[in-house]
Amino acid sequence: MPDKKQHDEKESHEAEHHGPRPFWSGTITFGLVSLPVSLFVATRSKRVALRMIDHDGEPLARRYFCPKEKTALESEEIVRGYEVEKDKFVIVNEEELDSIAPEKSQEIDLRRFVPVDGIDPMFFQRAYFLAPSQGAIKPYRLMAKSMEDTERAGIATCVIRGKEYLLAILSYKGILRAEILRFADELRTPADIGLPKIKKAKNKTVTAMVKSINANSRKTLDRDELLDEGAARILGIVDEKLEADEDVLHDPEAIEDEDESEADEPADLMAVLKHSLQQKADRSNQSGKEKSNRQPKRAGSSKKKRTRKDDSSETKADMTRDELYAEAREINIAGRSRMTKSELAAAIDAS
Amino acid sequence: MSVRAFWKGAISFGAVRVPVKFYAAVADRSVHFRLLHKKDRVPVKQAMVNPETDDVVAYADAKRAYVTEDHDWVVLDDEDLDSIEPEASREIEILHFLPPRVIDHRWYLRPYYLGPDGDENNYAALVGALEKTGKEGLARWVMRKKEYVGALRLHEGYPVLVSLRHAGEVVSIEELEAPKGRKLDQKELDMASELICMMEAEFDPAEYQNEHRERILHLIETKRRGGSVKIRPIKQAKPSDNVAEALEASLKRERKSA
C-alpha cells in the first residue's frame, strides 16, 4: 500500500507542527505598536489515530534509517537537502531559510486591512490562535477590539520555519487568530484546469433544480453533521472489544513517543490555549525563545484537571461531543461511540 | 496548462443527478527538500521499528491498535478494519442546502473543481441554480475508501466541492476566554481604528507574491557554488510600553506618507 504509507508519513510529519507547542513566536507590528505573540494551532488532528504494533503487540515507532548503512537514525543525524542534479544535494537548514528573509522571520507587519467578508473563503487554509506574550496583553486587547469594531482583517506575509506564508489576522470575541491563506498561484483557476465554457442550460432544468434546492434547504449547520463516521465505526469495534475484553492489552509499558501521542493532544491543546490566553501580567518579561521553551507538555497536563473541574458547571448543551463521550465512558454507557451528541446527552441524563 | 481529473462521481439531491469529474484546485508550489543522512548524504527511508529490539517490521505485517484514555491497547486486525471500510460509491449525496457562509471557512480543508462528465445540460443547470439561489450544499461522499464531508459552492462561475474538517477538529472559540484587563482607553481605541482605516483596501490576492521560493532557490545556487549565508537569530520584540504614544507616532507617520 504505497499510497497509504505516503499519506501516513505526511500526517505524522504534520503532527510535529500540531502539538501544543507554539507553531511560531514572533512579533506583530501595527504601525509602531509591537505586539509579541505565540501562534497555537486552532485545528486538531484526526480524533481516532491508530498506533502500529508488531505481532507480539509491542508498540512500534516510526524511524528514519539510512538505506546504505542500514542503521536507524536519530533526528540530529538527519539534514534537509535539495537535489540539484541526480544524487547531488545541497544541504540547507531552517536557520538559513529564515535568515534569507530576516525581517519577515520575526515580524508579521500589518500594513493592509481588508473587510473580513472580502476574503474569498477558498483562500483559507489553516487557523492559529494568537496568545499574547508576557506584558503584551494591553496591545493585544486593543488590537482585537479595534479590529472587531472596524470589521477588518489585517493581511501580511511572513516567514515561518523557512517557509513564506500569507496570513490574515482576524479578531472575534476578543481573541486574535492568524489564518494561513493560499497565495494566488496556489489556487488554480478554471482556465488552469482547462474546464470547458459552461453552456446555456435549459430554463426548465434550472427551474426544477432551484425548486429542489429550496425544498432541501436549512438555515443552520449542525456540528453533528460533520461527525467522522469512519472514526465512530472504529470506536464501535473498540467498545465491543473492551466489553468482551478481547484483543485488549492492558497498559503495556507505554513508550510515549512524543510525536505520536496524539491521543492526548486535544485536551492538552485546549489547556495550553486557555493557559496562554490568561497569563498573569505581573510575571517578569522574558525573551521569546525562553518563553516558548517554558511551555512544555507538562504545563498543559497539570492544568488539564483544573480545566475539567471548571467545566463541571457547564450545561450539557455547551459540551462538545468529545466531552460528553468522555463522561459517558466514565459511567459506562453501552454503545456510546455510535451515539450523536444529543443521544449522548440524553443517555447521560437518563443514567 | 491543463489538469487531469482524478475521480468521477455524481451529485445527487431530490430527483437531480449530475455526473462530475474531480480536479485538484490547489497547486503545490513549495520548494521540496529531501531528508538525508548527514554523514553520507543518502536520502533516508522510513520504517516501523520495535524500539526495544530495533527490529524493522514491514508495513504489511504491522497491526493497528487504538489506545484508550486508560492506556489500554485495543488490537484491530485487517479483518476488523476491512469490516468498517465504507462501501465504494460514486454518489455525492447533498444532505441539504444552506445560506452562503453558514459553513464557516474554518471547516474548509481542500477545494476540488467539478467539471462536467457527460450530461452538460444538467451540469450547466446546477451552476445556474446555485447562482440563482446563492446557496451552498452540504455533501457526503466516499472517495478512495475514505468518507468525506464537503461544501458544494461556486468559484469563478464553476462548481467546487470543498472537503471539510470533521466535528471536533476545529477548536471552538466559544470554549476559550479572551485575555482580560482594565477597561481600554477610548482615545487609544479611536487612534487604533483610525490607523486601521488609513491602511484599508480591498483584498487582492494578486498583490501578494511568495518571494521566498525565489530566495530559497537563490540560496541553493549560492551554496552550490560554495557560498554561505549569515545566520540571524529570531528575536521577539518587547511589547510597546506606551501604546498611546506608539499609536500617535504611527498616525503621524501614516499621514505624512499619505
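Computed from a prediction, not measured in an experiment: that's the story for all the values here.

What follows concerns the interface of chain A and chain B. In this assembly, 163 residues from chain A lie in contact with 142 residues from chain B. If one sorts the elements of the side of chain A that touches chain B by residue count, helix H4 (residues 137-150) of chain A sits on top with 13 residues. The class makeup of the residues in the side of chain A that touches chain B is 81 nonpolar, 33 polar and 49 charged.

Attention now moves to the nonpolar core. One broad trend across soluble globular proteins is that nonpolar side chains are buried collectively. Ranked by internal contacts, the top residues of the largest apolar core, which has 101 residues, are Tyr128(A), Met143(A), Leu167(A), Ile169(A) and Leu126(B). Ranked by the residues each element gives to this core, the list is headed by helix H2 (residues 120-133) of chain B, at 7 residues. Each of domain 1 (7-29 + 86-164) and domain 2 (186-257) of chain B contributes no fewer than three residues to this core.

A few words on the pairing of strand S12 (residues 163-172) of chain A. Residue and element names in this part refer to chain A. In terms of burial, S12 is a largely internal element, 8 of the 10 residues being buried. Direction of pairing for strand S11 (residues 152-160) relative to S12: antiparallel, over a ladder of 7 bridges. Of the residues in S12, the one forming a bridge with Ile155 is Ala168. What sits between S11 and S12 in their antiparallel hairpin is a turn of 2 residues, with Arg161 showing a positive phi close to 50 degrees. In this sheet, strand S13 (residues 175-181) lies alongside S12 in antiparallel orientation, the contact comprising 7 bridges.

Turning next to the packing of H4(A) against helix H3 (residues 186-198) of chain B. Relative to each other, H4(A) and H3(B) sit at 60 degrees, their axes nearing to 9 Å. One way to sum up the angle between H4(A) and H3(B) is to call them oblique. Two packed elements cross with a definite hand, and for H4(A) against H3(B) that hand is right-handed. Taking contact as the criterion, the partners of Leu142(A), Met143(A), Lys145(A), Ser146(A), Met147(A), Asp149(A) and Thr150(A) in H4(A) are, on H3(B), Glu188(B), Leu189(B), Ala192(B), Ser193(B), Ile196(B) and Cys197(B). Split by residue class, the contact of H4(A) with H3(B) holds 7 nonpolar, 3 polar and 3 charged.

What follows covers the sheet that holds strand S12 (residues 158-164) of chain B. Strand order in this closed barrel of 7 strands is S1-S2-S9-S12-S11-S10-S8 (chain B), and the pairing throughout is mixed. Strand after strand, the sheet turns through a mean of 40 degrees between neighbouring axes, direction not considered.

Residue and element names in this part refer to chain B. Even without being a glycine, His71 presents a positive backbone phi close to 65 degrees. Tracing the backbone shows His71 in the loop between strand S6 (63-67) and strand S7 (73-76). With 13 C-beta atoms packed within 10 Å, His71 lands in the partly exposed category. Not every positive phi belongs to a glycine, and Lys145 is a case in point at roughly 65 degrees. By the secondary structure assignment, Lys145 is in the loop between strand S10 (136-143) and strand S11 (146-155).

Pairing within the open sheet is antiparallel, and its 4 strands lie in the order S5(A)-S4(A)-S4(B)-S5(B). Either end of the sheet is taken by a strand with one partner, and the two such strands are strand S5 (71-73) of chain A together with strand S5 (56-57) of chain B. The pairing of strand S4 (residues 61-66) of chain A with strand S4 (residues 45-49) of chain B spans 5 bridges and is classified as antiparallel. Counterpart to Arg62(A) in the pairing with S4(B) is Met48(B).

Basis of the calculations
Residues numbered from 1 in each chain as written. Chains lettered and ligands numbered in written order. Predicted model: local features only at pLDDT ≥ 70, side-chain atom pairs only at ≥ 80, totals over all residues. Contact = placed C-beta atoms within 7 Å. Helix = DSSP H or I, 4+ residues; strand = E, 2+ residues; numbered from the N terminus. Nonpolar A, V, L, I, M, F, W, Y, C, P; charged D, E, K, R; others polar. Core = buried A, V, L, I, M, F, W, Y, C linked by C-beta atoms within 7 Å. Buried ≥ 20, exposed ≤ 12 C-beta atoms within 10 Å, placed from the backbone. Domains from an automatic or database assignment. Pairing = 2+ DSSP bridges. Axes fitted to C-alpha atoms, helices over the stretch in contact; angles between N-to-C directions. Parallel < 35°, antiparallel > 145°, perpendicular 65-115°, else oblique. Left-handed = near helix turned anticlockwise from the far one by under 90°.

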